[in-house]
Each structure stands twice: as C-alpha cells, then as structure tokens.
Amino acid sequence: MNANNRPFVFINMAMSADGKVSTVRREQLRISGAEDFERVDSLRASSDAIMVGIGTVLADNPSLTVKSAKRRKERVNSGLPENPVRVIVDSVARTPVESDILNVGTGRRIIAVSERAIVEDIDRLGAKADIMVCGKDEVDLEKLLYLLCSQGVKRLMVEGGGTLNWSLLCHGLVDEIYIYIGNMIIGGDSAPTPVGGTGFIRPDELLRLRLISMEELDEGVLLKWRVLQR
Ligand SMILES: NC(=O)c1ccc[n+]([C@@H]2O[C@H](COP(=O)([O-])OP(=O)(O)OC[C@H]3O[C@@H](n4cnc5c(N)ncnc54)[C@H](OP(=O)(O)O)[C@@H]3O)[C@@H](O)[C@H]2O)c1
C-alpha cells in the first residue's frame, strides 16, 4: 500500500500513429507485434491484478491471462497464483457469463459493481467471480483501489479502455502510463483513443506528464510517462 492507500497503478495501451486504439466500429486491431506482445505479457506477470472496463470486455472479449507458461510457472514458484487477479469495472453487472475473462485460465476474478446492479445479475455472476459493491451510480474507483490494496494488490495494471482510463486519471489514481504507438493510421472521428470521458477544458486543468523513456519496438515506439500528481 503506498501513501495514498492504493496500489501502484499503471495504464498500458497500444494506439495507432494517429492516436486511435480501435476502429470506429470499436473492433480490436493488432497494433503492435511480437516484441510488444512479450513486453505486455511480462508486465501482466509482474502485476498483482489487471483491471479493465466493461466496454473493453464487451468489445474485445480479452482473457487477460499470462500467456507464457514459463512466466506462469515462475509466478507459482514464488508463491503467486498463475494469473494476476482480473478485475472488471462494471456498474450494472452486465459482464457476459461466457466471456473469456471469466472462463479462460485459473485465478481469482473480481467484478466491481455499483448499487445499481440488480440481485439477479449479481447472483448470475457470483459463481464465476467475487462481486464488490462500491459506488452508488458508477463504480467508485478510489474505494475500489483501497479495497484491492487492503486485499494485497500492490501493483495494478490497467488495460483500458479510454472511459475507465479517463476516470482513473482525472481522479489522480494513475502513477505511470505506457503507450505503444504502432505504424498505422486508423482514422475516424469517433474511433476510441487512449483517454475518453468528458476531457479537461482549461489549460490549467491539464494533467502533466514526465517522459520516463522512449524505445523502438517492433515497427513502432514505446513511450513511458510518469503522471505528475497535482
Ligand atoms: N488498443 C488498446 O490497447 C485497447 C485496450 C483496451 C480497449 N481498447 C478499445 O477500447 C474500446 C473500449 O473502451 P470504452 O472506453 O468503450 O470502455 P471501457 O473503458 O473499457 O469501459 C467503460 C465502462 O466501464 C463502466 N464503468 C463503471 N464505473 C466506471 C467509472 N467509475 N469510470 C469509468 N467507467 C466506469 C461504464 O459502463 P457501465 O456504466 O455499464 O458500468 C463505462 O462505460 C474498445 O474499442 C476496445 O477495442 C483498446
């Protein structure tokens, strides 16, 4: 637990050269290559938990498991579960029971819901995941991070999407951002970007970052940023 009673939180996303994370149809695309795939797998293996928004679960159906058998074995040898805890931010409990995140690979799943979720849906998902009720209308992310931290999550990887990223960033809940920029143009006014939401308006509201590193990877570039807390 750090001084803020929350885990170390980092966002990892891949975007095109024109700053889009998927198409206007919100369909997933392969933006990076094999080297970046290994980097992401290693980041997953180094995390206690991985968080995504329900929008990403519905659009991409990710499993968010550690893909390398060697890395899974290393985790087990150091007393950890094969896969990090997988956390879905889902106010009204609409995660499909058959989604890969709930069915592929071993390990604990948590679905964070708000008080708007109805008992039938909570019961439906309760067999596959632990349900945490936090927040009235939407998931209270600060509270969720506190609860995760109190349950041993010290390092949390966030894998999108832009709506969840925005909420975490504008509440000051993110420490670092890793963005892979791939060698393609996706285009489209409404294609999602790494950070959505309502956005900042005034120049003095903008969240400032400090560049940690810049690295060529596959056919693109990996940028690592530290978020400067206000
Ligand atoms: N290239 C990449 O690296 C990458 C990675 C991930 C996703 N993506 C793309 O991103 C898109 C999905 O992103 P998205 O922005 O639509 O969805 P998202 O960020 O994955 O999920 C957002 C949803 O989470 C729920 N939520 C509950 N509490 C919240 C809170 N406090 N703050 C924010 N959200 C909260 C809301 O739905 P409820 O109100 O129903 O709870 C909200 O609509 C897809 O196109 C996917 O392909 C790309």
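Residues numbered from 1 in each chain as written. Predicted model: local features only at pLDDT ≥ 70, side-chain atom pairs only at ≥ 80, totals over all residues.

Enquirer: Explain the overall build of the protein chain here, please?
Expert: From N to C terminus, the protein chain includes seven helices and nine strands. Its C-alpha atoms give the protein chain a radius of gyration of 17 Å, within 12% of the compact-globule value 17 Å for 230 residues. Overall size of the protein chain, expressed as C-alpha extent along the three principal axes, is 45 × 45 × 40 Å. Residue burial in the protein chain is summarised as follows: out of 230 residues, 37% are buried. For the protein chain, contacts bridging at least 24 residues in sequence account for 70% of all contacts bridging at least 6. (Helix = DSSP H or I, 4+ residues; strand = E, 2+ residues; numbered from the N terminus. Rg over C-alpha atoms; globule rule 2.2 N^0.38 Å. Buried ≥ 20, exposed ≤ 12 C-beta atoms within 10 Å, placed from the backbone. Contact = placed C-beta atoms within 7 Å.)

Enquirer: Explanation requested: the nonpolar core in the structure shown.
Expert: A general trend in soluble globular proteins is that nonpolar side chains are found buried together. Among the nonpolar cores identified, the biggest contains 49 residues, and Val87, Ile88, Ala112 and Val158 are the most heavily contacted of them. Counting residues per element, this core draws most heavily on strand β1 (residues 8-15), at six residues. (Core = buried A, V, L, I, M, F, W, Y, C linked by C-beta atoms within 7 Å.)

Enquirer: Help me out: how do you make sense of the site of the ligand in this one?
Expert: Taken together, 31 residues surround the ligand, and among them Gly53, Gly55, Ser91, Gly160 and Gly161 come closest. Taken together, the elements giving at least two residues each to the shell around the ligand come down to β1, β2 (49-53), α2 (54-60) and α7 (162-170). Top contributing element to the shell around the ligand by residue count: α2, with five residues. (Near = placed C-beta within 6 Å.)

Enquirer: Even after reading the chapter, I still don't get the sheet that holds β1, so can you show me in this structure?
Expert: Sheet architecture is open: nine strands sit in the order β5-β4-β3-β2-β6-β1-β7-β9-β8, paired in mixed fashion. The sheet is open, and its two edges are formed by β5 (130-133) and β8 (209-217), each paired on a single side. With strand direction ignored, the average angle separating the axes of adjacent strands in the sheet is 20 degrees. Bridge count between β2 and strand β6 (residues 155-158): three bridges; the pairing is parallel. Counterpart to Ile50 in the pairing with β6 is Met157. (Pairing = 2+ DSSP bridges. Axes fitted to C-alpha atoms, helices over the stretch in contact; angles between N-to-C directions.)

Enquirer: Would you explain the pairing of β2 in this entry?
Expert: A regular strand carries its side chains on alternate faces of the sheet. Of all five residues in β2, five are buried; the element is thus mostly enclosed. The alternating pattern of β2 places Ala49, Met51 and Gly53 on one face and Ile50 and Val52 on the opposite face, and all of these are buried. The pairing of β2 with strand β3 (residues 85-89) spans five bridges and is classified as parallel. For Ile50, the partnering residue across the bridge sits in β3 and is Arg86.

Enquirer: Any chance you could explain unusual backbone geometry here in plain terms?
Expert: Glycine aside, the phi torsion of most residues is negative, and most peptide linkages are trans. Going from Gly160 to Gly161, the amide bond is cis rather than trans, its omega being -5 degrees. The residue Gly161 is located in the loop between β6 and α7 in this model. With a phi angle near 45 degrees, Asn61 is a residue other than glycine that sits in the positive phi range. Relative to the elements of secondary structure, Asn61 occurs in the loop between α2 and α3 (69-77). A tally of 14 C-beta atoms within 10 Å means that Asn61 is categorised as partly exposed. Residues other than glycine seldom take positive phi values, yet Ala93 does so here, at roughly 55 degrees. Take Ala93: it is sitting in the loop between β3 and α4 (100-103).

Enquirer: How should I be thinking about the pairing of β5 in this particular structure?
Expert: Bridge count between strand β4 (residues 109-113) and β5: four bridges; the pairing is parallel. When the sheet's bridge partners are listed, Ile110 is paired in β5 with Asp130. A crossover links β4 with its parallel partner β5, the connecting element being helix α5 (residues 119-126), and its sense is right-handed. (Right-handed = clockwise from strand over helix to strand, strands pointing away.)

Enquirer: Help me understand the environment of Leu43, please; the structure alone is not making it clear to me.
Expert: The topology assignment puts Leu43 in helix α1 (residues 34-45). Of the residues examined, Leu43 has 18 C-beta atoms within 10 Å and is grouped as partly exposed. The contact partners of Leu43, leaving out residues within four places of it in the chain, are Asn12 and Met157.

Enquirer: Help me out: how do you make sense of the environment of Leu168 in this one?
Expert: Here Leu168 lies in helix α7. Separated by 36 residues in the primary sequence, Leu168 and Asp204 place their C-alpha atoms 19 Å from one another. Ignoring any residue separated from it by four or fewer positions in sequence, one finds Leu168 in contact with Val9, Leu141, Val158, Leu173 and Val174.

Enquirer: So what exactly am I meant to see when it comes to the environment of Pro7 here?
Expert: When you line up the elements, Pro7 lands in the segment before β1. Take Pro7: there are 24 C-beta atoms within 10 Å of it, and that puts it in the buried class. For the pair Pro7 and Ala49, spaced 42 residues apart in sequence, the C-alpha to C-alpha distance is 9.7 Å. Residues contacting Pro7, with those up to four places away along its chain left out, are Asp48, Leu145, Leu148, Cys149, Val153, Lys154, Arg155 and Leu156.

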